[in-house]
Amino acid sequence: MTTVTYSIPNISCGHCVHTIQSEVAELAGVQTVVASLDTKQATITFDAPATEEQIKAVLASINYPAAN
Ligand SMILES: [Cu+2]
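Parameters at a glance
Residues numbered from 1 in each chain as written. Predicted model: local features only at pLDDT ≥ 70, side-chain atom pairs only at ≥ 80, totals over all residues. Heavy atoms only, no water. Pairing = 2+ DSSP bridges. Helix = DSSP H or I, 4+ residues; strand = E, 2+ residues; numbered from the N terminus. Buried < 20%, exposed > 50% of the residue type's maximum accessible area, 1.4 Å probe, protein only. Arc of directions from axis to C-beta. Contact = heavy atoms within 4.5 Å. Core = buried A, V, L, I, M, F, W, Y, C linked by side-chain atoms within 4.5 Å.

Visitor: Where do I start with the pairing of strand β2 (residues 30-36) in this structure?
Guide: Regular strands place side chains that alternate from one sheet face to the opposite one. Sheet analysis places β2 next to strand β3 (residues 41-46), joined by 6 bridges and oriented antiparallel. Across the sheet, the residue bridging to Val 30 is Phe 46, located in β3. Hairpin connection of β2 to β3: 4 residues between the antiparallel strands, including Lys 40 at a positive phi of 55 degrees.

Visitor: Please explain helix α2 (residues 52-61) as it appears in this structure.
Guide: The periodicity of an α-helix, 3.6 residues per turn, causes residues three or four positions apart to be oriented the same way. Residues of α2 that are buried: Ile 55, Val 58 and Leu 59. Down the axis of α2, the buried side of the element spans an arc of 100 degrees, and every buried residue falls inside it. Seen from the open side of α2, the exposed residues pointing more than 90 degrees away from its buried face are Glu 53 and Ser 61. Looking at the buried residues of α2, the elements they touch are β1 (2-7), α1 (14-25), β2 and β3. At the C-terminal side of α2, Asn 63 shows a positive phi close to 70 degrees.

Visitor: How do you make sense of the nonpolar core when you look at a structure like this?
Guide: Soluble globular proteins: nonpolar side chains tend toward being buried together. Among the nonpolar cores identified, the biggest contains 21 residues, and Ile 8, Ile 20, Val 24, Val 30, Ile 44 and Ile 55 are the most heavily contacted of them. Every element with two or more residues in this core is listed here: β1, α1, β2, β3 and α2. Sort the elements by how many residues they give to this core and α1 lands first, with 4 residues. Ignoring any residue separated from it by four or fewer positions in sequence, one finds Ile 20 in contact with Ile 8, Ile 11, Val 33, Ala 35, Ala 42, Leu 59, Ile 62 and Tyr 64.

The values reported here are purely geometric and, on their own, carry no functional implication.
Take a look at the structure:
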């Protein structure tokens, strides 16, 4: 299990939080996604076959690119 926290500057409301959580959770191998409006971060735990590259690609594809 790997846990990563991404800084996502585009988070601006509760809808953003919901979108990120539901879209990233679709990826096979992703266990939990917790996004925060207060910190503009998302903490994601995952196992194979999910990879950091895939997660970052999903975030970018929904217009919430990770800053780290
Ligand atoms: Cu929003």
